[in-house]
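Examination of the molecular architecture
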Amino acid sequence: MSTELKVVAARLHRVRLPLVHEFRTSSHRKALLDHVLVELEDASGAVGWGEIASPSDPYYAPETVETCWHIAEHYLLPAVLGQAWERPEQVSELWSKVRGNQFAKAGVDVAAWVLWSAVRGVSLASALGGTRTSVVAGVSLGIEATIDDLLAEVDRQVVAGYPRVKLKIAPGWDVSPVREVRAAHPGLDLHVDANGIYSEEHLDVLRSLDEFGLTMIEQPFAPRNLLAHARLQKTVSTPVCLDESVETLDDLETALSLEALRVLNIKVSRMGGLTAARAAHDRARQAGIPVWCGGMHEFGIGRAANIALSSLPGFTLPSDVSASAKYYAQDVIDPPVVAAQGVVQVPTATGLGHTVDTDLIAANTTASLVLRSS
Ligand code: OSB
Ligand code: MG
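The structure contained in this document is the topic of the report that follows. Counting of residues starts from 1 at the beginning of each chain's written sequence and follows it residue by residue. By the order in which they are written, chains take letters starting at A while ligands take numbers starting at 1. Local features in this predicted model are restricted to residues of pLDDT 70 or higher, and side-chain atom pairs are both shown and tallied only at a pLDDT of 80 or more, whereas totals for entire chains, interfaces and linings draw on every residue. As a rule here, side-chain values cover all heavy atoms of the structure and leave hydrogens and water aside.

Description of the coordination of the magnesium ion (ligand 2)
Working reference: metal with six octahedral donors, ideal angles 90 or 180 degrees; metal with four tetrahedral donors, ideal angle 109.5 degrees. The line we're drawing: Only nitrogen, oxygen and sulfur atoms qualify as donors, and only when within 2.8 Å of the metal (3.2 Å in the case of Na, K and Ca); with water excluded, sites may look incomplete. The helix and strand labels rest on DSSP assignments: H or I over at least four residues marks a helix, E over at least two residues marks a strand, and numbering proceeds from the N terminus. Here the term buried applies to any residue with accessible area under 20% of the maximum for its type, exposed to any over 50%, and partly exposed to those in between, with areas from a 1.4 Å probe on protein chains only.
At the metal site, the magnesium ion (ligand 2) is ligated by D193 (OD), E218 (OE) and D243 (OD), and these contacts range over 2.1 to 2.2 Å. Site description for the magnesium ion (ligand 2): donor spacing in sequence, D-x24-E-x24-D. Residue D193 is found in strand β8 (residues 189-193), and its partner D243 is found in the loop between β10 (240-242) and α8 (249-258); the two are separated by 50 residues along the sequence. Judged on exposure class, the residue D193 and its partner D243 are both buried.

As for the pairing of β8
Our working rule: Pairing between strands is defined by DSSP: at least two bridges between the two strands are required. Crossovers are described as right-handed under a simple rule: with the strands pointing away from the observer, the path leading from the first strand over the helix to the second runs clockwise.
Among the five residues that make up β8, four are buried, leaving the element largely enclosed by the rest of the structure. Direction of pairing for strand β7 (residues 164-168) relative to β8: parallel, over a ladder of five bridges. Bridging from a neighbouring strand, V165 pairs with L190 of β8. Bridge count between β8 and strand β9 (residues 217-218): two bridges; the pairing is parallel. Along β9, the bridge assignment pairs V192 with I217. Read from β8 through helix α6 (residues 203-208) to β9, the crossover connection turns out right-handed.

Notes on the site of ligand 1
As a reminder of what qualifies: Definition of nearness: a residue and a molecule or strand are near each other if at least one heavy atom of the residue lies within 4 Å of the molecule or strand. Here a polar contact is recorded for every N or O atom pair within 3.5 Å, except that within protein the pair must consist of a potential hydrogen donor and a potential acceptor, and residues adjacent in sequence are included only if both atoms are side-chain atoms. Computed with a 1.4 Å probe, the accessible areas rest on the Shrake-Rupley method; for each residue, only the protein chains presented here act as cover. Gly is placed with the polar residues, together with every amino acid not listed as nonpolar (Ala, Val, Leu, Ile, Met, Phe, Trp, Tyr, Cys and Pro) or charged (Asp, Glu, Lys and Arg).
If you check the shell around ligand 1, you find 17 residues, and the closest are S140, N195, K267, H297 and Y327. S140 is positioned with one of its side-chain polar atoms (N or O) 2.8 Å from an oxygen atom of ligand 1. One of the backbone nitrogen or oxygen atoms of M296 is found 3.4 Å away from an oxygen atom of ligand 1. For ligand 1, whose accessible area on its own is 390 Å², the fraction buried by protein is 100%. Its residues assigned to classes, the shell around ligand 1 comprises four nonpolar, five polar and eight charged.

Overview of helix α4 (residues 147-159)
Spelled out, the test is: One less than the number of residues in a helix, times 1.5 Å, gives the span that helix is expected to have. As used here, the arc belongs to the directions running from the helix axis to the C-beta atoms. Contacts between residues were defined by any pair of non-hydrogen atoms, one from each residue, lying within 4.5 Å.
Helix length check: α4, at 13 residues, gives a terminal C-alpha distance of 18 Å against a target of 18 Å (1.5 Å per residue), a fit within 8%. If you check which residues of α4 are buried, you get L150, L151, E153, V154 and Q157. Along the axis of α4, the buried residues cluster in a sector spanning 160°; they form a single face. In α4, the exposed positions that point more than 90 degrees away from the buried face belong to D148 and V159. As for α4, its buried residues are in contact with β1 (5-24), β6 (139-141), β7, α5 (175-184) and α12 (324-327). Two residues or fewer after α4 comes G161, characterised by a positive phi angle close to 105°.

Describing the pattern of salt bridges
Rule in force here: In what follows, salt bridge is the name for a side-chain nitrogen of Lys or Arg lying within 4 Å of a carboxyl oxygen of Asp or Glu.
The tally for this structure, following the rule as stated, stands at 20 salt bridges. Among the salt bridges present, the one from R16 reaches D34, with a minimum N-O distance of 2.9 Å. Placement of the pair is R16 in strand β1 and D34 in strand β2 (residues 29-42), with a sequence separation of 18 residues. Across the salt bridge formed by R156 and E153, the nearest N and O atoms sit 2.6 Å from each other. Here R156 pairs with E153, and both are found in helix α4, just three residues apart, close to one helical turn. Given the relative accessible area of 48%, R156 is considered partly exposed.

Some thoughts on the nonpolar core
How we decide: Side-chain atoms within 4.5 Å are what join buried Ala, Val, Leu, Ile, Met, Phe, Trp, Tyr and Cys residues into a set we call a nonpolar core.
Core analysis: the biggest nonpolar cluster contains 124 residues, and L40, L167, L209, L264, I266, L274 and L309 have the highest contact counts within it. The element best represented in this core is helix α2 (residues 102-120), accounting for eleven residues. Not counting residues within four places of it along the chain, the set of residues in contact with I266 comprises M271, A277, A280, H281, V291, W292, C293, G294, L309 and F315. Of all hydrophobic cores here, the second largest spans five residues; its members include M216, C241, V263 and L317.

Notes on the packing of helix α7 (residues 226-235) against α8
To keep things clear, this is the line we draw: To obtain each axis, a line is fitted to C-alpha atoms, and for helices this fit is confined to the stretch in contact; angles are then taken between N-to-C directions over 0 to 180 degrees. For a crossing to be left-handed, the near helix must be turned anticlockwise from the far one by less than a right angle; the clockwise case is right-handed.
Remark: α7 packs on α8, axes separated minimally by 9 Å, with the N-to-C direction vectors making an angle of 35°. Note that α7 runs across α8; the crossing there is right-handed. Seen from α7, the contacting residues are L226, L227 and A230; seen from α8, they are D251, T254, A255 and L258. Across the contact of α7 with α8, the residue classes break down as five nonpolar, one polar and one charged.

Quick look at the sheet that holds β9
Pairing in this open sheet of seven strands is parallel, and the strands run β6-β7-β8-β9-β10-β11-β12 from one edge to the other. Lying at the two open borders of the sheet, with one neighbouring strand each, are β6 and β12 (291-293).

Notes on the packing of aromatic side chains
The geometry of an aromatic ring pair is captured by the separation of the ring centres together with the interplanar angle, meaning the angle of the planes. Basically, it comes down to this: Pairs were defined over the aromatic rings of Phe, Tyr and Trp, the Trp ring being its six-membered one, requiring ring centres within 6.5 Å. Orientation was assigned from the angle between planes: stacked under 30 degrees, edge-to-face over 60, tilted for the rest.
A complete count under the given rule lists three aromatic pairs for this structure. Measuring from centroid to centroid gives 6.0 Å for Y60 and F103, while their planes differ by 85°, and the two rings are edge-to-face. Residue Y60 is located in the loop between β3 (47-52) and α1 (65-80), and its partner F103 is located in helix α2; the two are separated by 43 residues in the primary sequence. Each of the two residues, Y60 as well as F103, counts as buried. The interplanar angle of 90° and the centroid separation of 5.3 Å between the aromatic rings of F299 and Y328 together place this pair among those described as edge-to-face.

In structure tokens, the structure reads:
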């Protein structure tokens, strides 16, 4: 059997799904998601799916749905079509000249990993070197209209069995909601995420969070301000976690050498795919930094990739890989992702490990494109 794989056709599907519960962070608000699903097909007709999970607006990262589509159509897919490769790690090398655009890259990279796993007859998790058979999921809760609304939402998720809750914070929505949630749930694994909204003028507020026994404070300062994170970590006992700051392995290296983090959130989308996400895991593990997998409200395809990644041994903290039903009334995969007492089983079936619901996708597609190798 030939060990070579070659993508001969690529499809993009822009798919819109409503969230079951509107989500608000310090930087944006969303109720409807437009993600671009990537379908890569080899000469034998085998297919691999990936997901470009960019938010619509450039408030989390610089990308938008339109920039992702543009970069995938004009740069990434043309680089991949017709090229022979043996290992999925080689696919991102095909577009090594393209800078940034991590979300667009991630969707194509995941599709290549899924295609390879399917053709080789292995699960995505085992293709990556995953060792866990199940992963622990936490939930990420947005800013609510009132603290009572937030408390009700936390209760719902705790009753559903999730052992870790992350709260979005922003100036004016930080110490009070954290105090109330902590009072209601003294033993809960609780952490906060600021999505980069604070500056060092807010040091008092950030320091005062120390008294609540939070597992971490995620991305308090702007993405490129690693120095502020390093300074904060010197004065607080709560571990600082980086999210937006780490888009490349070089970013991680700089952050490590500045001691700007004690925990790392690894997102497949933000790192530009599974190859880079796994490398970040390897590097953090070597440095003794615990990691967890962050989410971007992925549909089931991106969610399945997040779960496979979370099966690597260094993912020792709960990941944002909660059940499909927390996000969508109907997901694009069958079966959907389910969590029992916050635990998600890692699929053992080949490739993605779920069937892709192409009827649901077709019914919710607002734009599509096919490219073939010439
Ligand atoms: O910072 O982790 C974040 C969603 C959109 C943008 C940024 C973030 C998030 C989340 C959602 O926290 C995590 C999830 O997918 O449940
Ligand atoms: Mg975050």
